[in-house]
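So the chains spell out like this:
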Amino acid sequence: MRELRYNPLTGQWIMVSSIRKERRWRPQNFCPFCPGSEETGFGWDTLVLPNKYAVLSFDSENVKSEGFYRKARSLGECGVIIETPIHDVKDLDKLPLEQLVKVIKQWVNVTDKYINDKRIVYLMIFRNKGEEIGVSLTHPHGQYYAMPFIPLKIRNMINNARNYFIRYNECIFCRIIKEEIKSKERVIYENQNFIVFLPYYSNWPFELHIYPKAHLQYITQFNEDQILDFADALKLSLNSLNNLFDREMPYSFALIQAPLKGKFSNIFHIHLEIYPILRDKDKIKYAAGIEMSTWDFTYDGIPEENAKKLKDICKGINNTYRGKCIE
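Within each chain, residues carry numbers counting from 1 in the order of the written sequence. The predicted nature of this model means local features are confined to residues of pLDDT at least 70 and side-chain atom pairs, given and counted, to a pLDDT of 80 or more, with totals for whole chains, interfaces and linings taken over all residues. The basis for the side-chain values is all heavy atoms of the structure; hydrogens and waters are excluded.

Any chance you could explain the environment of Trp295 here in plain terms?
In this fold, Trp295 is placed in the loop between α5 (289–294) and α6 (303–317). When checking whether two residues touch, look at their non-hydrogen atoms; a contact exists if any pair is within 4.5 Å. Residues contacting Trp295, with those up to four places away along its chain left out, are Thr10, Gln12, Leu152 and Ile290. Labels follow the DSSP assignment, with helices taken as runs of H or I lasting at least four residues and strands as runs of E lasting at least two, numbered in each case from the N terminus.

Listed below in structure tokens is the structure:
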């Protein structure tokens, strides 16, 4: 059974699925994403596969709301983006830059697949890493959900961005970039086309955002130089996080694009958000009582101090990258 259930108090759609209970959980001595498996075959360097345990499907059954509560068909698609044939690569920063470029071009391909599909309203491309995050398969991979609705967080971004544009005739994301570059206090790294910074308003102790300097809404708008610099900025960001505590950093990240339906060219700005969950080598930042009950985060520390720690790490690894660390 798959369906969407609407929360009338928050305006959220909850993706309900009994199918997800059947997904593989860290199988031993077998990897369905390695070359030669039934799903993958041979002769690839990156690969996009349908999620066998998808919460959204174009084949989902029709549903009808009855009474007070609303529900809707769980329409859409979920997929897996396998990032390398090599099973034991610990993270994307360990891939050669040209391989990471191939991964990002798969993000372009996935976006291009759905951008004109009238059934899909939003595409979320994301990645989970680490047992602490709950990763069920360790072969390097990302995922995407092609969704029939705009997620609540994105709706909030749009509303605030639209209100700011109406008042100031300026993209709020572009303003954030200007503010961060002006202060430099939280900027970790920049190259010709991208800036990496720990936001003033971070939720997670070492949260990083990667913004293109050009005002763009979709990854399909990136040219070849921008794709290369995006790969460079992402590789540097993950390398810095993985060297911060002398251990691999568990995290999730999300590519935040504009919705696929509607006009957002003036107000929205594509970017990538990384949510690392460690606040120290052996201390996890949990989303606990106050975060779960209010969706408002407490911040353990001071963002500028944590940005300084990442700046110091960046300076030690910067010699192989296309840009520069920021003092």
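Could you clarify how one ought to interpret the state of the cysteines in this entry?
Throughout this description, disulfide means a covalent bond between two cysteine sulfur atoms. The disulfide criterion is simple: two cysteine sulfur atoms within 2.5 Å. As enumerated under the stated definition, the model contains one disulfide in all. Across a sulfur-sulfur distance of 1.9 Å, Cys314 and Cys325 are joined as a disulfide pair. Between Cys314 and Cys325 the disulfide shows an S-S torsion of about -85 degrees. By sign, it is left-handed. One end of the pair, Cys314, is in helix α6; the other, Cys325, is in strand β15 (residues 324–325), with 11 residues separating them in the sequence. Relative accessibility under 20% of the residue-type maximum defines a buried residue, over 50% an exposed one, and the middle range a partly exposed one, all with a 1.4 Å probe and only protein chains included. Looking at Cys314, the relative accessible area reads 0%, which means it is buried. Residue class for Cys325 comes out buried when judged on its relative accessible area of 12%. The structure places no disulfide on Cys78, whose sulfur is separated from the nearest cysteine sulfur, that of Cys31, by 19 Å. The structure places no disulfide on Cys171, whose sulfur is separated from the nearest cysteine sulfur, that of Cys174, by 3.6 Å.

I would appreciate a short explanation of the side chain of Lys235 in the present structure.
Along the chain, Lys235 falls in helix α4 (residues 224–244). Positive residues here are Lys and Arg, negative ones are Asp and Glu, while His and the chain termini are left out of the count. The rule for a salt bridge is simple: a side-chain nitrogen of Lys or Arg has to be within 4 Å of a carboxyl oxygen of Asp or Glu. Lacking a salt bridge, the buried Lys235 has Asp93 as its closest oppositely charged neighbour, with an N-O distance of 6.5 Å. N or O atoms closer than or at 3.5 Å make up a polar contact, with two conditions inside protein: a donor-capable atom paired with an acceptor-capable one, and, for residues adjacent in sequence, both atoms drawn from side chains. Polar contacts involving the side chain of Lys235 include one to the main-chain carbonyl oxygen of Asp93, which spans 2.7 Å. If near-sequence neighbours (up to four positions away) are discounted, Lys235 is found in contact with Asp93, Lys94, Leu95, Pro96, Leu97, Leu100 and Tyr321.

Can you help me understand the pattern of salt bridges in this one?
Charged atoms that come close allow side chains of opposite charge to pair. Going through the model one piece at a time under the given rule, you end up with 29 salt bridges. Notably, a salt bridge pairs Lys105 with Glu224, separated by 3.1 Å at the nearest N-O pair. Taken together, the residues Lys105 in helix α1 (residues 97–114) and Glu224 in helix α4 connect sequence positions 119 residues apart. Residue class for Lys105 comes out partly exposed when judged on its relative accessible area of 32%. The network of salt bridges with shared partners includes Glu83, Asp91, Asp93, Lys94, Arg127, Lys129 and Glu248.

Hey, could you run me through unusual backbone geometry in this one?
Among all residues save glycine, negative phi is the norm, and among peptide bonds the norm is trans. We note that Asn169 has phi near 55 degrees; this positive angle belongs to a residue other than glycine. Relative to the assigned elements, Asn169 resides in the loop between α2 (152–168) and α3 (172–183). You will see that Lys184, though not glycine, has its phi angle at about 65 degrees, which is positive.

Where do I start with the sheet that holds strand β3 (residues 47–50) in this structure?
Backbone hydrogen bonds are what pair the strands of a sheet, in a parallel or an antiparallel way. Two strands qualify as a pair provided that DSSP identifies no fewer than 2 bridges between them. Across the sheet, 10 strands lie side by side as β3-β5-β7-β6-β11-β12-β10-β9-β8-β15; this open sheet has antiparallel pairing. Of all strands in the sheet, those bounded by a partner on one side alone are β3 and β15. In this structure, strand β11 (residues 251–256) lies alongside strand β12 (residues 271–276), joined through six bridges in antiparallel fashion. Bridged to Ala254 within β12 is Glu273. Sitting on the sheet, α3 touches β8 (187–190), β9 (194–197), β10 (208–212) and β12, and the angle it makes with β9 is about 70 degrees. Whenever a helix is involved, its axis is fitted only over the stretch in contact; in every case the axis is a line through C-alpha atoms, and angles between N-to-C directions fall within 0 to 180 degrees.

What is the right way to read the sheet that holds strand β4 (residues 71–72) from this model?
As summarised here, the arrangement of the three strands in space is β2-β1-β4, forming an open sheet in which the pairing is antiparallel. Single-partner strands in this sheet number two, and they are β2 (12–17) and β4. Strand direction decides the pairing type here: strand β1 (residues 2–7) and β2, joined by six bridges, are antiparallel. Opposite Tyr6, over in β2, you have Trp13 as the bridge partner.

Explain the nonpolar core to me, please; I cannot follow it from the model alone.
In a soluble, globular protein the nonpolar side chains are often hidden away together inside. Working definition of a nonpolar core: buried Ala, Val, Leu, Ile, Met, Phe, Trp, Tyr and Cys residues. They are joined through side-chain atoms within 4.5 Å. Counting residues in hydrophobic clusters, the biggest one holds 96 residues, and the most contacted among them are Trp107, Phe230, Leu234, Phe268 and Ile274. Element by element, the count of residues in this core is highest for α4, at nine residues. Apart from the residues within four sequence positions on either side, Ile274 is in contact with Glu207, Leu208, Ile210, Leu234, Ser237, Leu238, Leu241, Tyr251, Ser252 and Phe253. With nine residues, the next largest nonpolar core counts Phe33, Trp44, Leu49 and Ile82 among its residues.

Would you mind showing me how to read α3 here?
The α-helix advances 3.6 residues per turn, and as a result positions three or four apart in sequence lie on the same side. A helix is expected to span 1.5 Å for every residue after the first. The terminal C-alpha atoms of α3 lie 17 Å apart, and with 12 residues this matches the ideal 16 Å at 1.5 Å per residue to within 8%. By the burial criterion, the buried members of α3 are Phe173, Cys174, Ile176, Ile177 and Glu180. Projected onto a plane normal to the axis of α3, the buried residues spread over an arc of 155 degrees and lie on a single side. Lining the buried residues of α3 we find α2, β8, β9, β10 and β12. Immediately downstream of α3, the backbone of Lys184 shows phi near 65 degrees, a positive value. The directions from the helix axis to the C-beta atoms form the arc being described.

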